[in-house]
Every structure is written in structure tokens, then in C-alpha cells.
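# A look at the structure
Given next are the chains, with one letter for each unit.
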Amino acid sequence: MQIDITKVLNTDILIIGGGAAGCYAALTIRERSGYSVIIAEKANIKRSGCLAAGVNALNAYIVEGNTPQDYVEYAKKDADGIVREDLLFTMSERLNQVAERLEELGLVFLKDEGGRYVARGSRNIKINGENIKPLLADAVKKLEAVTVLNRVNITDYIVENNEIIGAIGFSIEDSSAYEIRAKKVLCATGGAAGLYRPNNPGFSRHKMWYPPFNTGAGYAMGMKCGAEMTTFEMRFIALRCKDTIAPTGTLAQGVGAKQVNEKGEVYETKYGLTTSERVYGTVMENLEGRGPCYLKTEGISKKEEESLKKAYLNMAPSQTLKWMESGKGASEQNVEIEGTEPYIVGGHTASGYWVDTNRQTTIHGLYAAGDVAGGCPQKYVTGAMAEAEIAAEHMIEALKRNDTHNTQFDKKADRSGKQDTASDRMRDQVKEYNRFLGNTETIYSIEELEEAMQKVMDCYAGGITSHYKYNERQLGIAREKIKQLMLLSDNVAAGDMHELMFVYELKERLLVCLAVIAHLEGRKETRWHSFAENTDYPQKSQEWMKYVNSRYENGTLKIFYRDLVGKEGQYEHCN
Amino acid sequence: MSIVIDRKRCTGCGKCVLVCPGGLMKQEKDGTAVMKYPKDCWGCASCIKECKFGAIALYLGTELGGRGGKMTVSEKGSFLIWRVKKTDGTIEEIAVDKRESNQY
Ligand SMILES: Cc1cc2nc3c(=O)[nH]c(=O)nc-3n(C[C@H](O)[C@H](O)[C@H](O)COP(=O)(O)OP(=O)(O)OC[C@H]3O[C@@H](n4cnc5c(N)ncnc54)[C@H](O)[C@@H]3O)c2cc1C
């Protein structure tokens, strides 16, 4: 099989990834301007990305009596200081207006007699989030001048003189490749799952928390073009229901279930209550022989049990299926919990693109929002959308100012009169696609390489098997082995377009692994238990109150450090 | 994690194939839906919600402690009716009102 059709499209703004942030950006752009938009989405925007199964609550909201600054303080504390306050603040300011917009789109909220949203704890509000993605997708479909390309997987940016001018990808449904030229590009491809060996083996390997289809494409594409990245060492490890890997917030915050060990002792207070400490405590209890660990739900009322079943159906139906199948609900049986494999997710921790306050990356004209953008943890759905709105507003402004110093494509096209002829860059890329599609001589399958990568990361870069711990010697081994796998990945074979996507997913993950390893090595302290547990440097120190940033240059990762950025003023890139 | 497709009930409408966030399902020549990459299923249940004919069921793999129960969903007015058929033939249903928020 070979790609024989190349399509060249032109748009004002290209959005890569039609998830929470991507869809919201399209809505914002069309509400506030006349610019044309293309959304390139590898799945179908109706149920793609994190929101596929639904969400349980809006986790980021400023409840009555609190201020956006309170949210900044909370996120800062949870990340022990390594955040971008300018990003957190500008996001927090918009959380509530995003929630209101979601209500306009049809999302159901729990309200009190006064018509106010009902809070869950001090930062969440209660909703029925089962259909949040179809609601967003419907709203996008109604927009004019927005073209949605479903099942188009983007693999590369087109960058000239550090300015983005488009992106390249291919359709999984037919054998065509796409060159999409744009004046501004928003990357909203989410985070990266599948880097480490997952909780569940074999047949259920994809029963993981983060979507296995978010493979770190956005990070990898940026890295390949020299974009600056930040804080990849702050991995996210989720504390989840055993087996189903369903969220636990509903149990902890909803019915107040405490973390208990096998003896029934509440252990969470012993280790601290930040997100990473909750995971760490569970690891330690198990290591010291007091596992398994549970969320104590025994003794809740039948009414609460029924409500829980419904709540899980709205976001993680496998957990309800488990309760129903076993014939024992949460009131009769505590829910066992475990830590997941580490993910790289800028919406929960702070890994991702290094952006300015407007969410522009270090590549001119390229913006990032949602889980792919760094420096701004605890953003969740509403925060991802708030970032999309900020990026959209700035892209509109920049287009109005006609701010593109690099209009080479337009000029070239005008001269030749061929606006729809593929560029040389595109032709090279298609050659690469066709090389994988035409390869018949290979020993290793994509799947084998993926498993090998996950094993390396698990054993040598702080996966589940090593209780999330690592040292420098191990990281060195991990790097060497990942580089070897990268070489092998150049020679895999793809039987069809779907397998071609698998090839690129593997390559993206390998590159992200390399960045994770370099960042873990770069932070010589242990600031967050489990998330980055460096046994060579088991303490944290004031000296490390700085960002670990990186740039991929000529095949190697350059690590450098930046001073913390405060809330005051607008942050712009400076080198 | 994965799904089973009841070929007799599948009408070949293709909606499940369209909606899968991993693009893991395909249609055979006669339109019948098939799960091409069962090991890659995330278990999100998008396809079972999409199927208006109850032809797709979600089940838990044995590694997850699955006991062979099959979960389907249908829509009745504003309700989503979730139904689990256990291996002993018993059926349990939970109706969730789409107009109602989660209590937790
Ligand atoms: C299981 C789960 C439950 C959650 N529950 C809650 C909750 O209850 N409350 C809450 O507030 N937050 C919750 N979150 C967090 C929230 O959903 C995310 O932070 C948010 O959706 C991130 O938005 P995003 O746009 O960055 O990523 P996504 O919404 O995942 O969108 C990324 C999109 O990019 C596409 N894509 C990826 N790579 C490519 C490529 N190469 N080419 C083209 N397209 C590509 C993907 O298919 C996807 O559609 C949850 C997250 C998960 C995973």
C-alpha cells in the first residue's frame, strides 16, 4: 500500500486535536472573528480524547467566597512551588465563565434553590458530564467556516525560520496525505499515555486512566522543531480504583471515603494530602506490608451506593459494571486503590510546552492549550478550555495585526500561482510515510517495540515495578535503551494506514520518553514523592526552586534552567 | 477491556465505527461492525451508547476480575437505561436521567 493522493488545504487557523481545548478554541474563534478554521482530529470529535466516556464534575471552578488567587495558591502548593503563576492566574480568572458557557451549550449542572451551582468541596461543581463531548462537537458542527477533518492524524509541523506555517498528516480512512497551511496553529493534542508499562497486562492493557490514543504527538512535533518544553519530570501518577482504573475523587470527595490500609487504619494523614503524597502513601503502605489499600466506603447508605453507581456510569461505566457483576456494591465492600503508571499530562501536573502568558510557544505563531501546555497544573476541563480561549483571542489579535513575519508560503504560492501544490517538505514527508507502508523486511513489530519501550521505562525510569523510584545510573540505562529502540523504530512496517498511525504513535512516545528521562535527570532533588522520586537525591532543596526546561537540538536534549515566573505582568519569551 | 458484537442485531449503520475514539472498529463488506483491535479498547463505552440496536456489549477482561457480565445501554426519553446481563441469565438495570446531575 502507498499514499497516492496528497491534499493541500489553506486556512487562517489550524487546530490540531479536536478535544476539550480544540473544540472550545474553534467556538471562541468563530464567536469573535471571521477567520476560517480547520480542526484536524485523529479520531472523531464526537467522542475523542479525555472526554470520551464523560466526566464526573468540573474540577476547576472558583466557588463562592473564593478568588482566582486562591486557586493559584492551591495549585502552587500541590506542585510545591513549581508552577507558572502568570498562567495559573489568567486561567483561573476564566474558569467560571467557561462553566457558564458549558451550561449554555446544554451541560446539566446541580443547582441550589437560589439557582447557584452546587459545589463539591471547595473547587469542584457537580454536573452530569456524560455527554459533555457530544455537546461540544454539536456546537462545533454548527459553526460556519470551520472544517473538521476527522481521522486525520497529524505527525509534523511545517516551520520556517522558527515560524509555523502549517502541518502535515494523513487520513486513516483512505490513502491520502494532507498538507494544511495556516497563518496560526493551535496545538491541542492532549498529553501522553502508554510510555510506561501499564497497570493491566495483556488483553486489558488499554484499561488505563489517560486515553491510550493521546500519545504525546503534540510534544513530539514541537520537540522535532526545537520548541522549548518544561517540567516533564513532574510526571502524573493517578490514584485509581484497582482494575478498572476509574477515578477516585467521586468516592473521596463525594462520600468522604478515606484512604485506609489492610488493617483499616486511615493512612492518608500520615503522608500528607497533596496529589503526589496520596499516591506515595499508598506505595509505602504496600511496601511496608500493610496493603492492599482501599477507599473506605463500607457503611455508606444504600442510597449513596446507588448514587455512586449512577455517577460512575456517567464517566467510568466499567466500575459500575464491576459492582453490578460482583453483586456487592460500595456500601458492602471497600474499593481497592492503586497508583497508575506515570503519564505526562499538563492538565494535571505542569509538563508541556513552555508558553508565554498568551499561550504562544517558542515557535512563532504556534500556540498550545490544555494537557499539552506546561506550567499550569490542575487545569482540568474548564482550565483547558480557558487556555483555549486565551490562545484563540491572541491568535485573532495577531491575525488582525497581520503579525506573520514569515509569509514565504504565500509569496511562493503567488509567484507560481500554485496554491494547492504540495511543498517539498510535504513530498519528503510522504516519502517517509510510504517507506513504512512499503517496508516488507522487518523483524520487529510495532507492538513489540512498544512493549520494549514500556518495559525500559518501567524498570529504569521509575515505573510501577520500581515503586516510581530511579537513580541516575538507571536513567542512563533507560536513555541508552530508548535510543536503541528509536533506531529500530525507523525500520518498522505498516500494513495499512491505521498501522502507519501506530508507527507514528510509537515514534512520538519514544521521543517523549527521551525528554522524560532527561528531565528526571535534570532535577537533582526529590520535590514530589512518586512523581519524581530520585533516590540519589532523596531530599528537596530551596536551590531547586526553578524550572527544568529542555530543547531538542540535533538529536540531543539540551537541559537548562529558568527562574520561577511570578504572577505579575505578562511573561514573554526571552532567551 | 473490550466489547462483543452481536452480529444478528447489527444493522450495519456504522455509527459505532464512526465514534470510537481509537478508530478501532471497522465494517465488513456487508456493513457488520467488527472490533479490529480488541486489545486497544479503552472501555469508554462510546460505541455501546451509540448503538441503537443493543448489538454491542461491554465486558470486563478476566485480568480486571471480569465475570462474564455484558453491559448494554438504551435510551428511553431522557433516560439512559444501563443493563447488565450476568452469566446466570439474570438482568439488572439502572436508569440514569440525563437531566439530572451527579449527586457526588
Ligand atoms: C478519564 C478522565 C477523566 C477525567 N475527568 C475529569 C473530570 O471529572 N473533571 C474535570 O474537570 N476534568 C477531568 N479530566 C481532565 C480533562 O478531561 C482534561 O484535562 C481535558 O479534557 C484536556 O483537554 P485537551 O483538549 O488538552 O485534551 P483532549 O480532550 O484529550 O483532546 C486531545 C485531542 O487531540 C486528538 N489528537 C491527539 N493526537 C493527535 C494527532 N496527532 N493528530 C490529530 N489529533 C490528535 C485526540 O484524539 C483528542 O481528541 C479527566 C481526564 C481523564 C483522562
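Note that the structure is predicted; figures quoted are calculated from it, not measured.

Cut-offs and rules
- Residues numbered from 1 in each chain as written.
- Chains lettered and ligands numbered in written order.
- Predicted model: local features only at pLDDT ≥ 70, side-chain atom pairs only at ≥ 80, totals over all residues.
- Heavy atoms only, no water.
- Helix = DSSP H or I, 4+ residues; strand = E, 2+ residues; numbered from the N terminus.
- Rg over C-alpha atoms; globule rule 2.2 N^0.38 Å.
- Buried < 20%, exposed > 50% of the residue type's maximum accessible area, 1.4 Å probe, protein only.
- Contact = heavy atoms within 4.5 Å.
- Areas by Shrake-Rupley, 256 points an atom, 1.4 Å probe, with all protein chains shown as cover.
- Core = buried A, V, L, I, M, F, W, Y, C linked by side-chain atoms within 4.5 Å.
- Phe/Tyr/Trp six-rings, centres within 6.5 Å; stacked < 30°, edge-to-face > 60°.
- Lys NZ or Arg CZ within 6 Å of the ring centre and 35° of its normal.
- Near = heavy atom within 4 Å.
- Polar contact = N/O pair within 3.5 Å; in protein donor to acceptor, adjacent residues only side chain to side chain.
- Nonpolar A, V, L, I, M, F, W, Y, C, P; charged D, E, K, R; others polar.
- Buried area = accessible area lost by both parts, 1.4 Å probe.
- Salt bridge = Lys/Arg side-chain N within 4 Å of Asp/Glu carboxyl O.
- Pairing = 2+ DSSP bridges.
- Domains from an automatic or database assignment.
- Expected span 1.5 Å × (residues − 1).

This next bit is on the overall build of chain B. Looking only at helices and strands, chain B features 2 helices and 7 strands. Mapped in sequence order, the helices and strands of chain B form the string β-α-β-β-α-β-β-β-β. A compact globule built from 104 residues would reach a C-alpha radius of gyration of about 13 Å, and chain B, at 14 Å, matches this within 12%. Seen through its principal axes, chain B has C-alpha atoms that stretch 40 × 30 × 25 Å. The proportion of buried residues among the 104 residues of chain B is 51%. Once local pairs closer than 6 in sequence are excluded, the contacts in chain B between residues at least 24 apart make up 35%. Counting every atom, chain B has about 5,000 Å² of accessible surface; 51% of that belongs to carbon and sulfur.

Counting residues in hydrophobic clusters, the biggest one holds 223 residues, and the most contacted among them are Y353, I482 and L500 of chain A together with I48 of chain B. The element best represented in this core is helix α17 (residues 497-522) of chain A, accounting for 17 residues.

Residues and elements named next belong to chain A. Within the structure shown, the criterion is met by 20 aromatic pairs over all chains. An aromatic cluster is defined as three or more aromatic residues linked by ring pairs; in this entry it consists of W209, Y210, F236, Y343 and F531. Positioned over the ring face of W544 is K546, at 4.9 Å from the centre of the ring. When the ring centre of Y561 is taken as origin, the NZ or CZ atom of K546, which lies over that ring, is 5.3 Å away.

Turning our eyes to something else, we now look at the site of the ligand. Residue and element names in this part refer to chain A. Inspection of the region around the ligand gives 34 residues, with A21, E41, S48, A57 and D371 positioned closest. Here an oxygen atom of the ligand and a backbone polar atom of A20 are 3.0 Å apart. Backbone polar atom of A57 to a nitrogen atom of the ligand: 2.6 Å apart, as the coordinates give it. Here the element with the most residues in the shell around the ligand is strand β3 (residues 55-58); it accounts for 4 residues. Tallied by class, the residues present in the shell around the ligand amount to 18 nonpolar, 13 polar and 3 charged.

With that settled, the discussion passes to the interface of chain A and chain B. With 58 residues of chain A at the interface, the matching set in chain B holds 52 residues. Taken over both partners, the interface formed by chain A and chain B buries close to 4,900 Å², and the fraction arising from carbon and sulfur atoms is 58%. Contact with chain B buries surface across chain A, with F203, M324 and E325 of chain A losing the most and accounting together for 17% of the total. At the junction of chain A with chain B, the criterion picks out 5 salt bridges. K46 of chain A is the salt-bridge partner of E50 of chain B, the closest N and O atoms lying 2.8 Å from each other. At the boundary of chain A and chain B, one finds 27 residue pairs in polar contact (both at pLDDT 80 or more). Of all elements in the fold, only β4 (108-109), β6 (124-129), α7 (249-254), α10 (302-313), α11 (317-326) and α17 of chain A reach the threshold of two or more residues within the side of chain A that touches chain B. For the side of chain A that touches chain B, the element with the most residues is α11 of chain A, which contributes 8 residues.

What follows deals with the sheet that holds strand β13 (residues 259-260) of chain A. Hydrogen bonds between backbone groups are what pair the strands of a sheet, and the pairing can be parallel or antiparallel. Residues and elements named next belong to chain A. Sheet architecture is open: 4 strands sit in the order β12-β15-β14-β13, paired in antiparallel fashion. Looking along the sheet, the strands with just one partner apiece sit at the ends: β12 (239-241) and β13. When strand β14 (residues 293-295) meets strand β15 (residues 335-339), the two strands line up antiparallel, connected through 3 bridges. Note on β15: the bridge partner recorded for L295 is V335.

Right, let's get into the pairing of strand β2 (residues 37-41) of chain A. All names here are of chain A. Within β2, 5 of the 5 residues are buried, which leaves it mostly tucked inside the rest of the structure. Across the two faces of β2 the burial is the same, with V37, I39 and E41 and I38 and A40 all buried. Note that strand β1 (residues 5-16) and β2 share 4 bridges and pair parallel. Its bridge partner lying in β2, L14 is registered against I38. Relative to strand β7 (residues 146-150), β2 runs parallel, the two being bridged by 5 bridges. Considered in β7, the bridge of V37 is made with V146.

Residue and element names in this part refer to chain A. Inspection of the secondary structure puts R523 in the loop between α17 and β19 (533-534). The exposure class of R523 is buried, given its relative accessible area of 1%. Polar side-chain contacts of R523 include one of 2.7 Å to the backbone oxygen of K546. Setting aside residues no more than four positions away along its own chain, R523 makes contact with I82, E233, W528, N534, W544, K546, Y547 and V548.

This part covers the domain arrangement of chain A. Residues and elements named next belong to chain A. Under the domain assignment used here, chain A contains domain 1 (5-50 + 133-190 + 345-425), domain 2 (239-339) and domain 3 (431-563). One C-alpha centre belongs to domain 2, the other to domain 3; they are set 31 Å apart. The interface of domain 2 with domain 3 comprises 7 residues on the first partner and 8 residues on the second. Between domain 2 and domain 3, the buried area comes to about 720 Å², and carbon and sulfur atoms account for 73% of it. Counting across the domain 2 and domain 3 interface gives 0 salt bridges. Applying the counting criterion to the domain 2 and domain 3 interface returns 1 residue pair in polar contact (both at pLDDT 80 or more).

Before going further, it helps to examine the sheet that holds strand β20 (residues 546-553) of chain A. Residues and elements named next belong to chain A. The 4 strands lie next to each other as β16-β11-β20-β21, forming an open sheet whose pairing is antiparallel. Lying at the two open borders of the sheet, with one neighbouring strand each, are β16 (352-353) and β21 (556-563). Note: strand β11 (residues 229-230) against β16, 2 bridges, orientation antiparallel. Note on β16: the bridge partner recorded for M229 is Y353.

Here we take up the environment of E447 of chain A. Relative to the assigned elements, E447 of chain A resides in helix α15 (residues 446-460). Those residues in contact with E447 of chain A that sit more than four places away from it in its chain are R205 of chain A together with K39 of chain B. One polar contact links E447 of chain A to R205 of chain A, side chain to side chain, over a distance of 3.0 Å.

Below, the discussion takes up α17 of chain A. Residues and elements named next belong to chain A. Taking 1.5 Å of rise per residue, 26 residues should cover 38 Å, and α17 covers 38 Å from first to last C-alpha, within 8% of that figure. Counting buried residues along α17, 25 of its 26 residues qualify, which places the element largely inside the surrounding structure. Capping of α17 at its N-terminal end is provided by D496; its side-chain oxygen lies 3.1 Å from the backbone amide nitrogen of H498.

Our focus in this paragraph is the environment of L366 of chain A. Residue and element names in this part refer to chain A. Looking at the secondary structure, you find L366 in strand β17 (residues 366-368). Judged by its relative accessible area of 0%, L366 is buried. Spatially, the C-alpha atoms of L366 and K183 are 9.3 Å apart, while their sequence positions differ by 183 residues. Beyond its immediate stretch of four places on either side in the chain, L366 contacts Y157, I164, V185, C187, Y353, R359, Q360 and T361.

Let us now look at unusual backbone geometry. Most peptide bonds adopt trans geometry, and most residues besides glycine take a negative phi value. Residue and element names in this part refer to chain A. Each neighbour pair has its own omega, and for G291 with P292 the value is -10°, a cis peptide bond. Within the secondary structure, P292 sits in the loop between α9 (275-287) and β14. The phi dihedral of A145 is positive, around 60°, even though this residue is not glycine. Checked against the element boundaries, A145 lands in the loop between α5 (132-141) and β7. The exposure class of A145 is partly exposed, given its relative accessible area of 42%. Notably, N162 is not glycine yet its phi reads approximately 60°, a positive angle. Position of N162 relative to the elements: it lies in the loop between β8 (152-160) and β9 (163-171).

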